[in-house]
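Geometric and topological summary
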Amino acid sequence: MRMIFFDVAGISNPREEPWIVVAGVILHPDLQWRLLRRYLLDMTEAYVPPEHRANFAFHATELFSGGRVFPRERFPKEWRWRVLDELLSIPRRFDLPIVWGRIPRAEIEVGGRLANTWSVPPVVHGQILAFTVAAASAEHWMNAAAAPDELAQMIMENDDNSRRFFRVTQRYLSDPQIHEKFDSEYDAFKLSRIIYPMQFEDKTDSSALQVADACAFAIKRWCMKKPEAVRFYAPIRPFLVAKIRNEAWLPDVLRGPDGKQFS
């Protein structure tokens, strides 16, 4: 049994965040959950002021920019960034595969090629598209690396605005009867190794959602080509799951300017 913890980045102002990213870390709970939980709890004790430790969770955005728990005047940038570096070292420390998908905001906002194609807000539409790519990558990893009879459970952070849309999307990707109505070109998106329905939970001081949050943040900054992006992206790059096979049919919106598929 595997657990895949997903989180989302890039869903605030589209002018400031031109990419929506969904990233997930794949965890073997029998072998890794206790150790990872202890590591995250130790990080909380080491870095978080005592008054904030109860039910605390690290958020990459706050570590990057400062915030309520880590105000800039008390915690300088380099200190906060070193904590973020440590969060992003966890995939290497625990050998955690990372699956991810990304969607350019311009394609789903008003005037974009995918605008108004769904009766959902553009930011939710983008999350669904990015999640579909990330989930298909997880299925590919399960087929390539997990035991033949092994299944996976998805865990996503609670979000009342998008939770039901993620669950409906997984149902469509997982239902064999629905698959029969699709053309074979959609085979890459079928999910058969991942349990339906996905589960939702809050970030806590021991949840691997914190690691997924940091990975999604690092990938988003890399997509945005920010000056510090290499610092945060380089540690996780070796653990990104390879692109889905047979992607030649994917629509242009799922490709970058260089013609390469988003993975």
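As a starting point, this report considers the structure included with it.

Cut-offs used in this document
- Residues numbered from 1 in each chain as written.
- Predicted model: local features only at pLDDT ≥ 70, side-chain atom pairs only at ≥ 80, totals over all residues.
- Heavy atoms only, no water.
- Salt bridge = Lys/Arg side-chain N within 4 Å of Asp/Glu carboxyl O.
- Helix = DSSP H or I, 4+ residues; strand = E, 2+ residues; numbered from the N terminus.
- Buried < 20%, exposed > 50% of the residue type's maximum accessible area, 1.4 Å probe, protein only.
- Contact = heavy atoms within 4.5 Å.
- Polar contact = N/O pair within 3.5 Å; in protein donor to acceptor, adjacent residues only side chain to side chain.
- Pairing = 2+ DSSP bridges.
- Axes fitted to C-alpha atoms, helices over the stretch in contact; angles between N-to-C directions.
- Phe/Tyr/Trp six-rings, centres within 6.5 Å; stacked < 30°, edge-to-face > 60°.
- Lys NZ or Arg CZ within 6 Å of the ring centre and 35° of its normal.
- Core = buried A, V, L, I, M, F, W, Y, C linked by side-chain atoms within 4.5 Å.
- Parallel < 35°, antiparallel > 145°, perpendicular 65-115°, else oblique.
- Nonpolar A, V, L, I, M, F, W, Y, C, P; charged D, E, K, R; others polar.

As for the pattern of salt bridges
Scanning the entire structure with this criterion turns up 12 salt bridges. Note that glutamate 150 is salt-bridged to arginine 2, the shortest N-O span being 2.9 Å. Of the two residues, glutamate 150 sits in the loop between α5 (122-145) and β4 (152-157) while arginine 2 sits in strand β1 (residues 2-9), which places them 148 residues apart along the sequence. The exposure class assigned to glutamate 150 is buried, which follows from its relative accessible area of 9%. The exposure class of arginine 2 is buried, given its relative accessible area of 16%. If you follow the salt bridges from partner to partner, you end up with Asp7, Glu157, Lys203 and Asp213 in one network.

Quick notes on the environment of arginine 80
Relative to the assigned elements, arginine 80 resides in helix α3 (residues 77-88). Counting along the chain gives 14 residues from arginine 80 to glycine 66, while the straight-line C-alpha distance between them is 7.6 Å. Those residues in contact with arginine 80, other than ones at most four positions away along the chain, are Glu62, Leu63, Phe64, Ser65, Gly66, Phe70, Arg72 and Phe75. One polar contact links the side chain of arginine 80 to the main-chain carbonyl oxygen of leucine 63, over a distance of 3.0 Å.

Side note on the sheet that holds β4
Taken in spatial order, the 5 strands of this open sheet run β3-β2-β1-β4-β5, and their pairing is mixed. The open sheet has two free edges, formed respectively by β3 (98-104) and β5 (194-201), since each of these has just one partner strand. Neighbour-to-neighbour, the strand axes of this sheet turn through a mean angle of 20°, independent of strand direction. The sheet contact formed by β1 and β4 spans 5 bridges and is parallel. By the bridge assignment for β4, methionine 3 is matched with glutamine 153. Along the sheet, helix α1 (residues 29-47) contacts β1 and β2 (19-27); its crossing angle with β2, the most-contacted strand, is approximately 110°. The strands that helix α6 (residues 163-174) touches are β1, β4 and β5; relative to β5, the one it contacts most, it runs at about 170°.

A look at the packing of aromatic side chains
On inspection of all chains with the given rule, the structure shows 16 aromatic pairs. Ring geometry for phenylalanine 56 and phenylalanine 58: centres 4.9 Å apart, planes at 90°, overall edge-to-face. Accessibility assignment for this pair places phenylalanine 56 and phenylalanine 58 in one class, buried. By way of ring pairs, the aromatic residues Tyr47, Phe56, Phe58, Phe70, Phe75 and Trp79 are connected into one cluster. In this structure, lysine 77 is placed above the aromatic ring of tryptophan 81, and the distance from its NZ or CZ to the ring centre is 4.6 Å. For the cation-ring pair, arginine 102 lies above tryptophan 19, with the distance from its terminal atom to the ring centre recorded as 4.8 Å.

Notes on the nonpolar core
Ranked by size, the top nonpolar core spans 47 residues in total, and within it Phe58, Leu84, Ile90 and Ile219 carry the most contacts. With 9 residues, helix α8 (residues 209-223) is the single largest residue contributor to this core. In contact with isoleucine 90, not counting residues within four places along its chain, are Leu36, Tyr39, Leu40, Met43, Asp95, Leu96 and Val211. The next biggest cluster of nonpolar side chains, apart from the first, holds 30 residues, and it includes Val99, Ala130, Ala146 and Met154.

Regarding the side chain of glutamine 153
Of note, glutamine 153 is situated in strand β4. Look at glutamine 153 and you get buried, because its relative accessible area is 12%. If we ignore the near neighbours within four places in the chain, the residues touching glutamine 153 are Met1, Arg2, Met3, Ile4, Ile195, Pro197, Met198 and Gln199.

A word on the packing of α1 against α3
Running from N to C, α1 and α3 cross one another at 170°; their axes reach a closest spacing of 12 Å. Between α1 and α3, the angle falls in the class roughly antiparallel. Side by side, α1 and α3 meet where Tyr39, Leu40, Met43 and Tyr47 of the first sit next to Trp79, Val83, Glu86 and Leu87 of the second. Classifying every residue of the contact of α1 with α3 by side-chain character gives 7 nonpolar, no polar and 1 charged.

Looking at the environment of cysteine 215
Residue position: cysteine 215 is located in helix α8. With a relative accessible area of 0%, cysteine 215 lands in the buried category. Taking the C-alpha atoms as reference points, cysteine 215 and isoleucine 236, 21 residues apart in sequence, are found 7.3 Å from one another. If we ignore the near neighbours within four places in the chain, the residues touching cysteine 215 are Ala23, Val25, Leu88, Pro91, Ile98 and Ile236.

Focus: unusual backbone geometry
With omega at 0°, the peptide bond leading from tyrosine 196 into proline 197 counts as cis. Residue placement: proline 197 occurs in strand β5. We note that asparagine 55 has phi near 55°; this positive angle belongs to a residue other than glycine. Within the secondary structure, asparagine 55 sits in the loop between α1 and α2 (60-65). Positive phi values are uncommon outside glycine, yet aspartate 95 reaches one of about 55°. With respect to the helices, strands and loops of the structure, aspartate 95 is situated in the loop between α4 (90-94) and β3. By relative accessible area, aspartate 95 is classed as exposed at 53%.

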